[in-house]
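Close look at the chain arrangement
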Amino acid sequence: MLHSRARNWWWFALRGGLAILFGILIVAVPSAGALAVMRLIAAYALAFGVVLLVLAFRLREFASRGTPSATA
């Protein structure tokens, strides 16, 4: 596994360079950085909410079949 990472070292360098660029942009324009973080958190919350709703309805369907609980 370490060998495959050593062959793709440039991916790590690219990610590091992008992280540094992002950090510079956040320092230069903090309002844009705050907006970007807010959008990321909002996207995460929406996706997580959809997943929870889907799981809740699947669980309700599973429980309505009368299947015994895994904890019992």
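Everything below is about the structure printed above this text.
A brief look at the structure comes next. In this text, all values refer to a predicted model and were calculated from it rather than measured experimentally.

On to the overall build of the protein chain, then. If you tally the helices and strands in the protein chain, you get three helices and zero strands. Of the regular secondary structure in the protein chain, the N- to C-terminal order runs α-α-α. Looking at the protein chain as a whole, 1% of its 72 residues qualify as buried. Carbon and sulfur atoms provide 76% of the accessible area of the protein chain, an area that totals close to 6,600 Å².

Moving on, we get to helix H3 (residues 30-64). Over its 35 residues, H3 runs 51 Å from end to end, which matches the ideal 51 Å to within 8%, given 1.5 Å per residue. One or two residues past the end of H3 sits Gly66, with phi positive at roughly 80°.

Time to look at the packing of aromatic side chains. Within the structure shown, the criterion is met by two aromatic pairs. With centroids separated by 5.7 Å and ring planes inclined at 10°, the aromatic side chains of Tyr44 and Phe48 adopt a geometry described as stacked. Of this pair, Tyr44 and Phe48 are both found in helix H3, four residues apart, which corresponds to roughly one turn of the helix. Tyr44 sits in the exposed class, given a relative accessible area of 56%.

Conventions and cut-offs
- Residues numbered from 1 in each chain as written.
- Predicted model: local features only at pLDDT ≥ 70, side-chain atom pairs only at ≥ 80, totals over all residues.
- Heavy atoms only, no water.
- Helix = DSSP H or I, 4+ residues; strand = E, 2+ residues; numbered from the N terminus.
- Buried < 20%, exposed > 50% of the residue type's maximum accessible area, 1.4 Å probe, protein only.
- Areas by Shrake-Rupley, 256 points an atom, 1.4 Å probe, with all protein chains shown as cover.
- Expected span 1.5 Å × (residues − 1).
- Phe/Tyr/Trp six-rings, centres within 6.5 Å; stacked < 30°, edge-to-face > 60°.

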